[in-house]
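Letter by letter, the chains look like this.
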Amino acid sequence: MASSSSTPLFTVRWGIMATGWIAETFTKDLLTNPASRGVDDVRHELIAAASSSSKQTADGFLAKVKAPSSAKAYGSYHELVADPDIDIVYVATPHSHHFQNAMLALDAGKNVLCEKSLTVTAAQTHKLVATARAKNLFFMEAVWTRYFPLSIQVRKLIQDGAIGTVYRAIADLSLGNDIGDGNLSFADSHRMVNPDLAGGALLDLGIYSLTWVFQALYHVQPEEEKEAPDVLAAVTKYHTGADESTSIILQFPKHKTTGIALTSLRIATDVDGHNTAGPAIRIQGSAGEIQVMGPAYRPLQYRVVTKSGGGKVDVVDCPIPRDDARDWGHGMFWEADEAARCLHDGKRESASLPWSESIAIMEVMDEALKQGGVTYSDLITTDIYDPQSPLNTGKR
Ligand SMILES: NC(=O)C1=CN([C@@H]2O[C@H](COP(=O)(O)OP(=O)(O)OC[C@H]3O[C@@H](n4cnc5c(N)ncnc54)[C@H](OP(=O)(O)O)[C@@H]3O)[C@@H](O)[C@H]2O)C=CC1
Ligand SMILES: O=C1OC[C@@H](O)[C@H](O)[C@H]1O
């Protein structure tokens, strides 16, 4: 990690693993000026990007994100993790690949920021956490919403008792991809519904609903009072075998609290795209309610309604800052800033999403998928690391 007297900001040097949609979105955020979001303690440097298919693909990616000319293109993930100039690797492959790819990076001594869902199984998450711990490396799940100022404000309101004792949280992230003939709009090979890529509503979208339930009912508890919930799931499978809709009731018995996490690829949370149906998230307490307007992955507004408010609703807008010079700003830079601060402070995990919480959430998803009879192949569910796995070499 570079920090010098001529460069007052702490600089983190990134390697990007994969060249798809989210790799592009994240990298563009990484390249924005931190000052455009009021950040003056950390900055990010793009060292390299790697494609599992070819160096040319990585070259094309660097051109698309308008990377500095110093950025290197690699035609394999192995080359990326071997680059001594890289401090941290951002894993942006499909869910199926996360375990092997993150292990590849950790094994090479790299810190890791890994896209959601962190893994396909909870056992894989346990293994990654144990590896990061043993190797004294930073490791964080890239559920970007966690690191939004909006989420931090909502967690603080709950902890400060703004809505009294919280008893219930209801969260929905559903996309209406029904095309009317029984099918969804995704090709069966698409990562959203393809079991070979660990597709399905829960791992892709339900993770956000669970994130909100956990932020409201679990994260805010004192460490010694955190408890794993009981889980009851209703799962509807798509013809590919992946789940198209999953609804989960979570009960935290000690606290007498209930979470409801909903997700679907068939029907939408927001039917007309204008939040007409109301908030995507409702956090209900003895003295009021916090309502977060969707989409649950990129919320821009929350409302606080209190019993004592006499009908007054506090509406708080939290727009995503843009870097005008690059004409960009999506909101993924906040998770990158969090990773950078953790590295600066020598922390191995983020307090916004500790390892134990990623594990607790993966255990809920494991259980829900088990109850729904959703299964994935051995190749993508094994928790045995194989550097030569096709998931690492790209030899499909
Ligand atoms: N935080 C967020 O808002 C979002 C997060 N995501 C998460 O990001 C991850 C990637 O999603 P997304 O970018 O939409 O996916 P894409 O399909 O657009 O990209 C995935 C990339 O992974 C690499 N890859 C390696 N092996 C395979 C394979 N067998 N099949 C397909 N791709 C492969 C490819 O890059 P190459 O071959 O060049 O290495 C590909 O471009 C997922 O975990 C998803 O949940 C996705 C969207 C939004
Ligand atoms: O993480 C995500 O958020 C946005 C969705 O459109 C996408 O499918 C998902 O992967």
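What counts and how
- Residues numbered from 1 in each chain as written.
- Chains lettered and ligands numbered in written order.
- Predicted model: local features only at pLDDT ≥ 70, side-chain atom pairs only at ≥ 80, totals over all residues.
- Heavy atoms only, no water.
- Near = heavy atom within 4 Å.
- Polar contact = N/O pair within 3.5 Å; in protein donor to acceptor, adjacent residues only side chain to side chain.
- Areas by Shrake-Rupley, 256 points an atom, 1.4 Å probe, with all protein chains shown as cover.
- Nonpolar A, V, L, I, M, F, W, Y, C, P; charged D, E, K, R; others polar.
- Domains from an automatic or database assignment.
- Buried area = accessible area lost by both parts, 1.4 Å probe.
- Salt bridge = Lys/Arg side-chain N within 4 Å of Asp/Glu carboxyl O.
- Helix = DSSP H or I, 4+ residues; strand = E, 2+ residues; numbered from the N terminus.
- Buried < 20%, exposed > 50% of the residue type's maximum accessible area, 1.4 Å probe, protein only.
- Contact = heavy atoms within 4.5 Å.
- Pairing = 2+ DSSP bridges.
- Axes fitted to C-alpha atoms, helices over the stretch in contact; angles between N-to-C directions.
- UniProt positions renumbered as here; feature names shortened; annotations may be inferred.

(A) Looking closely at the site of ligand 2. By nearness alone, every residue bordering ligand 2 is listed as K116, R191, M192, D204, L205, Y208 and Y297. Within the contact set of ligand 2, an oxygen atom lies 3.1 Å away from a side-chain nitrogen or oxygen of R191. Between D204 and ligand 2, the recorded distance is 2.9 Å, taken from a side-chain N or O atom to an oxygen atom. Contact with the protein chains removes 83% of the 270 Å² of surface that ligand 2 exposes when unbound. Residues that form the shell around ligand 2 fall into these classes: four nonpolar, no polar and three charged.

(B) Examining the domain arrangement of the chain more closely. Under the domain assignment used here, the chain contains domain 1 (1-148 + 331-396) and domain 2 (150-317). For domain 1 versus domain 2, the separation of C-alpha centres amounts to 24 Å. Summed over both sides, the interface of domain 1 with domain 2 buries roughly 3,100 Å², with 64% coming from carbon and sulfur. Connecting domain 1 to domain 2 are one salt bridge. Between D204 and K116 there is a salt bridge, and its shortest N-O distance comes to 3.3 Å. Among the secondary structure elements, those contributing two or more residues to the side of domain 1 that touches domain 2 are α4 (95-107) and α9 (355-372). Considering every element that reaches the side of domain 1 that touches domain 2, the biggest residue donor is α9, with eleven residues.

(C) Molecular detail of the side chain of Q215. Within the fold, Q215 resides in helix α7 (residues 201-219). A relative accessible area of 1% means that Q215 is categorised as buried. Side chain to side chain, Q215 and R155 meet in a polar contact 2.6 Å long. Residues within four places of Q215 in sequence aside, it is in contact with R146, S151, R155, V220 and E357.

(D) Quick look at the site of ligand 1. Near ligand 1, the surroundings consist of 24 residues, among which T19, S51, S52, Y77 and K116 are the closest. Within the side chain of H95, a nitrogen or oxygen atom sits 2.8 Å from an oxygen atom of ligand 1. In this structure, a nitrogen atom belonging to ligand 1 sits 3.1 Å away from a side-chain N or O atom of H97. For ligand 1, whose free accessible area comes to 880 Å², the fraction covered by protein is 84%.

(E) Geometry of the sheet that holds strand β10 (residues 243-252). Taken together, the eight strands give an open sheet; going across it, the order is β9-β10-β11-β8-β12-β13-β14-β15, and neighbouring strands pair in mixed fashion. Looking along the sheet, the strands with just one partner apiece sit at the ends: β9 (230-237) and β15 (313-317). Across the sheet, the mean angle from the axis of one strand to that of its neighbour is 10 degrees, orientation sign disregarded. In this sheet, β10 lies alongside β9 in antiparallel orientation, the contact comprising eight bridges. By the bridge assignment for β10, A233 is matched with I248. Lying on the sheet, α7 is in contact with β8 (166-174), β10, β11 (257-264), β12 (281-285) and β13 (288-292); it crosses β11 at an angle near 160 degrees.

(F) Examining the UniProt feature "domain: GFO/IDH/MocA-like oxidoreductase" (unreviewed entry) in the chain more closely. Taking the UniProt record as the reference, the feature "domain: GFO/IDH/MocA-like oxidoreductase" (unreviewed entry) is found at residues 153-290. The span residues 153-290 shows a helical share of 19% and a strand share of 31%, and its end C-alpha atoms are spaced 11 Å apart.

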